[in-house]
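Architecture and fold: a report
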Amino acid sequence: MSYQIPVIDFGHFDTNPKQVAQEVLEACKTIGFFYIVNHGLPKDQIEHSFELAKDFFDLPSEEKHWILRIKSKEIIKSFNFRNFVDGKSFAPLPPIFEKEQAFVEGFSRACHATAMRVLQAFAIALEIPEEEGGANWFSDRHTYDKPSGEILRFLKYPKGGESTYKEPVRAGAHSDYGSITLLFQKDVPGLEVKASRTEWISAPLIQDSILVNVGDQLQEWTNGLFKSTLHRVTFLPEHAHKDRYSMPVFIHPEDATLLSPIPSSIIPPPSEDVLNGVAKKGEIISAGEHLKRRLDATYKY
Ligand SMILES: O=C(O)CCC(=O)C(=O)O
Ligand SMILES: [Fe+2]
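The name given to the protein in an unreviewed UniProt entry is Fe2OG dioxygenase domain-containing protein, with Phascolomyces articulosus as the source organism. One UniProt comment on the protein, placed under Sequence similarities (unreviewed entry), says "Belongs to the iron/ascorbate-dependent oxidoreductase family."

See the structure below:
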């Protein structure tokens, strides 16, 4: 069986929401990843965000303390933006971003709005009744301005020879924690997705697309109907002479959102074998508590 990541045209979402929603549902039930095109996010905003990331990572070493290493053996440079509230960043920003704060906030909000359209497609596909909130059932639980685990991340995988990196894997296999992730990749591929239990497939660059994947919270919330799929970044020959930049946007429900049953007859009953389940059987926890438990489990040693 061969697997591939489908490309879904959101240009039809307003005119034919049910069709788009069905395509999204199919992708979520199988591979857990899909590209969206005609998503409405302006290209110049994406390009400018990548330029900002490059300028930041090019700064001389005295500003490098802003950069977080994901793991010491993985040479990846990273900067996280939490959601902006009342025009303010959650934490003080380095000067290079401070002067672009209004732009970054606009981009962060535009990414969130794009994600909300994907969440509307979920609610339509799951046939959530109008009286329960209908198409807005998920987006009503993902208010941008309320506290949540949402993060816009700039990433740089610096160029170098294979001897520098030794390992063929640059970012280890993992699944994302939240509801969905939007991923922007620039110029250099490298992402791989575990399309089945055994098969890694590459997630190529598709012009003007955003790659979307389901996270662990949504997998658990849908009782395993939606798949949160392992993915990793591998070393490709072009990484030897070209920096790789990417920007994931990790979309999370508001911390206070209860991961309570979704009013949909399409969702199966809860079962024991939902991967990465952190809630006990029958226990309903909030999105904030879910994230806390995942982080506690990851950083416990
Ligand atoms: O850099 C990429 O392409 C993927 C990054 C990723 O999966 C993550 O940060 O969770
Ligand atoms: Fe990821």
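Next comes the rest of the account.
As a further point, take the overall build of the protein. Of the regular secondary structure elements, the protein holds seven helices and 12 strands. Across the 301 residues of the protein, 50% fall into the buried class. When the accessible surface of the protein is split by element, carbon and sulfur atoms take 53% of a total near 14700 Å².

Relative orientation of the contacting elements helix H2 (residues 43-57) and helix H4 (residues 101-125) amounts to 125 degrees, with a least axis distance of 11 Å. By the angle between their axes, H2 is oblique relative to H4. Handedness of the H2/H4 crossing: left-handed. When H2 is examined against H4, the residues Gln-45, Ile-46, His-48, Ser-49 and Leu-52 are found in contact with a partner set consisting of Phe-103, Val-104, Gly-106, Phe-107 and Ala-110. Taken together, the residues that form the contact of H2 with H4 break down as six nonpolar, four polar and no charged.

Okay, the pattern of salt bridges next. Inspection of the entire model under this criterion finds 14 salt bridges. By sharing partners, the salt bridges in this structure join Lys-54, Asp-58, Lys-156 and Asp-243 into a single network.

What follows concerns the sheet that holds strand E11 (residues 231-234). Strand pairing within a sheet occurs via backbone hydrogen bonds; the two strands may be parallel or antiparallel. In space, the four strands of this open sheet follow the order E6-E11-E8-E9, with antiparallel pairing throughout. Two strands close off the open sheet at either side, each with one partner strand: strand E6 (169-174) and strand E9 (200-202). Between one strand axis and the next, the sheet turns through 25 degrees on average, direction left out of account. One ladder, built from three bridges, connects E6 with E11; its direction is antiparallel. Among the inter-strand pairings, Ala-171 is bridged to a residue of E11, identified as Val-233.

Now for empty space enclosed by the protein. Inspection of the entire model under this criterion finds one cavity of 30 Å³ or more. Of the voids in this model, the largest cavity is the one considered here, and its volume is about 40 Å³. If you trace the largest cavity, you find it lined by Asn-83, Ser-108, Cys-111, Tyr-144, Glu-150, Ile-151, Leu-152 and Val-249. Within the residue set of the lining of the largest cavity, elements represented by two or more residues are H4 and strand E5 (151-157). Taken together, the residues of the lining of the largest cavity break down into five nonpolar, two polar and one charged.

Turning our attention to the packing of aromatic side chains. Aromatic rings in a pair are described by how distant their centres are and how their planes are angled relative to each other. Tallied over the entire structure, the rule returns 17 aromatic pairs. With 5.7 Å between their ring centres and 50 degrees between their planes, Phe-107 and Phe-184 make a pair best called tilted. Of the two residues, Phe-107 sits in helix H4 while Phe-184 sits in strand E7 (residues 180-186), which places them 77 residues apart along the sequence. Side by side, Phe-107 and Phe-184 carry an identical accessibility label, which is buried. Seen in terms of ring centroids, Phe-138 and Trp-221 are 5.4 Å apart; in terms of plane orientation they differ by 85 degrees. Their pairing is edge-to-face.

Throughout this description, disulfide means a covalent bond between two cysteine sulfur atoms. Counted by the stated rule, this structure contains zero disulfides. Unpaired in terms of disulfides, Cys-28 finds its nearest cysteine sulfur in Cys-111, a separation of 18 Å.

Burial analysis of strand E12 (residues 244-251) places eight of its eight residues in the buried class, the great majority of the element. Across the two faces of E12 the burial is the same, with Arg-244, Ser-246, Pro-248 and Phe-250 and Tyr-245, Met-247, Val-249 and Ile-251 all buried. Of the pairings in the sheet, the one linking E5 to E12 comprises five bridges and is antiparallel in character. Within E12, the position partnered with Leu-152 by the bridge is Val-249. Here E7 runs beside E12; their pairing, made up of seven bridges, is antiparallel. Paired with Phe-184 across the bridge in E12 is Met-247.

A separate point is the environment of Leu-258. As for its position among the elements, Leu-258 is in the loop between E12 and helix H7 (287-298). According to the relative accessible area criterion, Leu-258 is partly exposed, its value standing at 46%. Beyond its immediate stretch of four places on either side in the chain, Leu-258 contacts Trp-221, Ile-284, Ile-285 and Ser-286.

Parameters at a glance
Position labels on residues start from 1 in each chain and follow its written sequence. Each chain is given a letter, starting from A, and each ligand a number, starting from 1, according to the order in which they appear as written. Local features are withheld for residues below a pLDDT of 70 in this predicted model, meaning they are given only at 70 or higher, and side-chain atom pairs are given and counted only at 80 or more; totals for whole chains, interfaces and linings count all residues. Only hydrogens and water are set aside when side-chain values are computed; all heavy atoms of the structure are taken into account. UniProt positions are given in the numbering used here, feature names are shortened, and annotations may be inferred rather than shown by experiment. Strands here are runs of E lasting at least two residues and helices are runs of H or I lasting at least four, both read from the DSSP assignment and numbered beginning at the N terminus. Whether a residue is buried, partly exposed or exposed follows from its accessible area with a 1.4 Å probe, protein chains only, as a fraction of its type maximum: under 20%, in between, or over 50%, in that order. Methods summary: accessible areas were calculated by the Shrake-Rupley approach with a probe of 1.4 Å, and residue burial reflects only the protein chains presented. Note on geometry: axes are C-alpha line fits, over the in-contact stretch for helices, and angles between N-to-C directions span 0 to 180 degrees. If an angle is under 35 degrees, it is roughly parallel; if it is over 145, roughly antiparallel; if it lies from 65 to 115, roughly perpendicular; otherwise it is oblique. Take the far helix as your reference; a near helix turned counterclockwise from it by less than a right angle gives a left-handed crossing, and one turned clockwise gives a right-handed crossing. Note on contacts: a residue pair qualifies if any of its non-hydrogen atoms lie within 4.5 Å across the two residues. Each residue is assigned to one of three groups, with Ala, Val, Leu, Ile, Met, Phe, Trp, Tyr, Cys and Pro labelled nonpolar, Asp, Glu, Lys and Arg labelled charged, and all others, Gly among them, labelled polar. The term salt bridge refers to a side-chain nitrogen of Lys or Arg lying within 4 Å of a carboxyl oxygen of Asp or Glu. One bridge is not enough; two strands pair if DSSP finds at least two bridges between them. Of the two site types, the cavity is a set of points on a 1 Å grid over the protein atoms alone where a 1.4 Å probe fits but cannot get out, and the pocket is an open set with protein on both sides within 12 Å along at least five of seven lines, each lined by residues with an atom within 4 Å of a point. Grid points are joined across faces, edges and corners, and a volume is the space filled by probe spheres set on the points. Note on aromatic contacts: the rings of Phe and Tyr and the six-membered ring of Trp form a pair at centre separations within 6.5 Å, being stacked when their planes are under 30 degrees apart, edge-to-face when over 60 apart, and tilted otherwise. Criterion for a disulfide: a pair of cysteine sulfur atoms at a distance within 2.5 Å.

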